[in-house]
Amino acid sequence: MKKMLKSYEHSDLSLPAPASWRRRAMLVFLYKFFWRAILGVVIGLRYLGVKSNVPDGPVIYIANHNSHLDAISMMTVVPRHRLHLTHSVAAQDFFGNSFFRKWSMENLVNAVLISRKRGANDVDPIEFLDGLLRAGRSLILFPEGTRGVPGSMGDFKRGVGHLASRHPGIPVIPIYLDGLYRNLPKGRAMIVPFGGNLIMGEPMVFSDEDVDQITSQTQKAIENMAQQLRDSNRI
Amino acid sequence: MNKLIPMWGMSAEIQWVIFIILCILVASSVAWFILGKLKPSKLATELQVRTRSWWVMCACFIVTTLVHPLVTLLGLMYLSYALLREMYPLLNLDARERNTVLVCYATVPIQYGLAYFGMETLFLAFIPVFMFVFIPFLLVVRGETKGIVRSISLMPYSLIAWVYGMSHLALLFQLPEYPGFTAGPEGLLLYLIFLVGMNDVLQFAWGKTLGKRPVLPTVSPNKTWEGLIGGVLSITLIAVAMRFLTPLNIWQAALTGFVTAIAGFMGDAIASGMKRDIGIKNSGHAIPGHGGYLDRLDGFSAAAAPFFHLIFFFCYH
């Protein structure tokens, strides 16, 4: 572990600074009280399968992505003491182009911004996220890479496979988000409550699977959760 | 009628109905526990889950009813809101209807506010008269007419079904004093909750034990003639037995119980029909073993307005 930390110190990646106690308190208030109440009472989001014994330490959360509420709702199920160590991964080209968006993503959502289209002399985003995991941070990833078509899931990009295969000990927790796209669809600014479900699956641990296998297995896991939810309520 | 616990401030009638509810809950919890131990089956586990949910629901109903009229009102308001919020995602609304949904949500506090401040005439007219015209106009004013007949019918219907009906329970608190009647609006509210809750339970029980002939085979195959008739007759008797919670005499209580049971059954059947058309079993997952708010409260919201108007006609007219 010490060795790993050292190698990170020598690299030239700029990782987010450790959070002050003010920032920690603010994140706990925002996600464990404010957003938890809004999502639970006003929006009517049902939390299913959320366990309190999520493995302690770095974790990769992955979910399907249709709405800006996705990252927020996932932050509310992160254990309290890991909130400031959990970073959503957001797109530089969308969130980085206005000061307000960039500031609120980095400070209120605890996100890190990576570029989807890489120039010649940019840092490899995978290297950057790899450094975060090595430094003991958790990640919230949306492997589809974009919010896509409302209510449907696209194919996963291979980023999650790369990260999980480099860190065999770090569990991947699949989360299926159902119906949040109705509350805050792409291109709208106003939240209209329509309910929804957040379903947390069993942690997946990979040992020697390759990148493509991990990518397709995680995608399968979330597709299965979606299918199960639909089947459980069919006449 | 004597108080069970003389020190407590609440009236004797309320103490007795809480005692009766507790007895039923304890008895059924024990019964299903023993059934599950003797003959473990899917039905036994389902009954256990359902009874556990009934405990939570009864606790919520009783506490919100007795704490303060304002708390009762806020509780009912939240139920109306939750019902609307559960219905809309099932309807495949488009972007034009999205904004109208916000207006529909906004009618909830207005309607309950009218009940709380005792503006009865406006309360009775607000949704069926004013919103009945305003909401279709809001849909038309966007200029997109494709599929508009559907949304013009759906939106006012959702308000009448889930807001207008339920809000009559808040109006019970505006009824004037009735000489010799001490249970008050809290008693009337618990009376209705008890009747409709028992109606669902007893129709289920009679149907499971004796049921053979389905009453609405294409809508809800589990509802049988035996369950319906057994349920309605038992509720009529229970309504007479429990009339100490109301200012009604025997015949009025029997008629109120009869109408409440029939209305509860109709509300249930309407919701079943809607869910079958959409192709889902339950409208949500809020209450374990029961489904969503809509699955549980369909009977309540259909029975609430008829109940209020019967009480008003018999005693305050």
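Residues numbered from 1 in each chain as written. Chains lettered and ligands numbered in written order. Predicted model: local features only at pLDDT ≥ 70, side-chain atom pairs only at ≥ 80, totals over all residues.

**Structural notes on the overall build of chain A**
When helices and strands are tallied, chain A shows nine helices and seven strands. Expected size for 235 residues packed as a compact globule is a radius of gyration near 18 Å; at 17 Å, chain A falls within 12% of this value. If one aligns the C-alpha atoms of chain A with their principal axes, the spans along those axes are about 55 × 40 × 35 Å. Split into buried and exposed, the 235 residues of chain A put 39% on the buried side. (Helix = DSSP H or I, 4+ residues; strand = E, 2+ residues; numbered from the N terminus. Rg over C-alpha atoms; globule rule 2.2 N^0.38 Å. Buried ≥ 20, exposed ≤ 12 C-beta atoms within 10 Å, placed from the backbone.)

**Focus on the overall build of chain B**
The helix and strand tally for chain B stands at ten helices and zero strands. Reading chain B from its N end, one meets helices and strands in the order α-α-α-α-α-α-α-α-α-α. At 20 Å, chain B has a C-alpha radius of gyration in line with the 20 Å of a compact globule built from 317 residues. When its C-alpha atoms are laid out on the principal axes, chain B stretches across 60 × 50 × 30 Å. Partitioning the contacts of chain B with sequence separation of at least 6, the portion at a separation of at least 24 is 67%. (Contact = placed C-beta atoms within 7 Å.)

**Overview of helix α4 (residues 95-116) of chain B**
Residues and elements named next belong to chain B. Taking 1.5 Å per residue, 22 residues should reach 32 Å; α4 reaches 34 Å between its end C-alpha atoms and fits that length. Every buried residue of α4 is accounted for by E97, T100, V101, C104, T107, V108, Q111, Y112, L114, A115 and Y116. Positive phi shows up at G118, right after α4, with a value of about 70 degrees. (Expected span 1.5 Å × (residues − 1).)

**Details of the environment of L73 of chain B**
Residue and element names in this part refer to chain B. Mapping L73 onto the fold places it in helix α3 (residues 69-87). C-alpha of L73 to C-alpha of T100: the two residues are 27 residues apart in sequence and 24 Å apart in space. Excluding residues that lie within four positions of it along the chain, L73 makes contacts with Y112, Y116 and A170.

**Looking at the interface of chain A and chain B**
At the junction of the two partners, chain A supplies twelve residues and chain B supplies 16 residues. Residues that form the side of chain A that touches chain B fall into these classes: four nonpolar, five polar and three charged. (Nonpolar A, V, L, I, M, F, W, Y, C, P; charged D, E, K, R; others polar.)

**Comments concerning the nonpolar core**
Core analysis: the biggest nonpolar cluster contains 73 residues, and L83, L192, F194 and L195 of chain B have the highest contact counts within it. Residues contacting F194 of chain B, with those up to four places away along its chain left out, are V17, I21 and M242 of chain B. If you look at the next biggest cluster of nonpolar residues, it comprises 52 residues, including A63, I72, M75 and L133 of chain A. (Core = buried A, V, L, I, M, F, W, Y, C linked by C-beta atoms within 7 Å.)

**Overview of the sheet that holds strand β6 (residues 172-178) of chain A**
Residue and element names in this part refer to chain A. Taken together, seven strands build an open sheet; the order of strands is β1-β7-β6-β2-β5-β3-β4 and the sheet is mixed. Looking at strand neighbours, the two that pair on one side only are β1 (45-48) and β4 (112-114), the edges of this open sheet. Strand-to-strand twist across the sheet, computed as the mean angle between neighbouring axes with direction ignored, equals 25 degrees. Across four bridges, strand β2 (residues 60-63) lies against β6 in parallel orientation. Its bridge partner lying in β6, I60 is registered against V172. (Pairing = 2+ DSSP bridges. Axes fitted to C-alpha atoms, helices over the stretch in contact; angles between N-to-C directions.)

**Some details on helix α7 (residues 159-166) of chain A**
The complete set of buried residues in α7 of chain A reads G159, V160, G161, L163 and A164 of chain A. In this structure, the buried side of α7 of chain A is in contact with β2, α6 (125-134), β5 (138-141), β6 and α9 (211-232) of chain A.

**Here's the deal with the pairing of β2 of chain A**
Residue and element names in this part refer to chain A. The two faces of β2 match: I60 and I62 on one face and Y61 and A63 on the other face are all buried. With three bridges joining them, β2 and β5 adopt parallel strand pairing. Counted as the bridge partner of Y61 is I140 from β5.

**Points about the packing of α3 of chain B against α4 of chain B**
All names here are of chain B. For the pair α3 and α4, the least separation of the axes is 10 Å and the interaxial angle reads 155 degrees. The angle between α3 and α4 falls in the class roughly antiparallel. Helix-helix and strand crossings are classified by hand; for α3 and α4 the assignment is right-handed. Residues L73, L76, M77, S80, Y81 and L84 of α3 touch α4, and the partners they reach there are C104, Y105, V108, P109, Y112 and Y116. Here the residues of the contact of α3 with α4 sort into eleven nonpolar, one polar and no charged. (Parallel < 35°, antiparallel > 145°, perpendicular 65-115°, else oblique. Left-handed = near helix turned anticlockwise from the far one by under 90°.)

**Topic: unusual backbone geometry**
For N110 of chain A, which is not glycine, the phi dihedral falls at a positive 60 degrees. Position of N110 of chain A relative to the elements: it lies in the loop between α5 (99-107) and β4. Take N110 of chain A: there are 25 C-beta atoms within 10 Å of it, and that puts it in the buried class. For N92 of chain B, which is not glycine, the phi dihedral falls at a positive 50 degrees.

**Section: the packing of α3 of chain B against helix α6 (residues 148-171) of chain B**
Residues and elements named next belong to chain B. Running from N to C, α3 and α6 point in directions that differ by 170 degrees, and their axes come no closer than 9 Å. Relative to α6, the element α3 lies roughly antiparallel. Every residue of α6 that contacts α3 at L73, L76, L79, S80, L83, L84 and M87 is listed here: S158, W162, V163, M166, S167, L169 and A170. Residues belonging to the contact of α3 with α6 are distributed by class as follows: eleven nonpolar, three polar and no charged.

**Quick notes on the environment of P69 of chain B**
By the secondary structure assignment, P69 of chain B is in helix α3. By the C-beta count within 10 Å, which is 16 here, P69 of chain B ends up partly exposed.

**Focus on the pairing of β5 of chain A**
Here is the key point about a regular strand: its side chains alternate between the two faces of the sheet. Residues and elements named next belong to chain A. Alternating positions in β5 separate into two faces, S138 and I140 on one and L139 and L141 on the other, with burial throughout. Pairing of strand β3 (residues 86-91) with β5, which is carried by three bridges, proceeds in the parallel orientation. Of the residues in β5, the one forming a bridge with S88 is I140.

**Examining the environment of N249 of chain B**
The residue N249 of chain B is located in the loop between α8 (225-241) and α9 (250-278) in this model. In sequence terms N249 of chain B and C315 of chain B are 66 residues apart; their C-alpha atoms lie 9.7 Å from each other.

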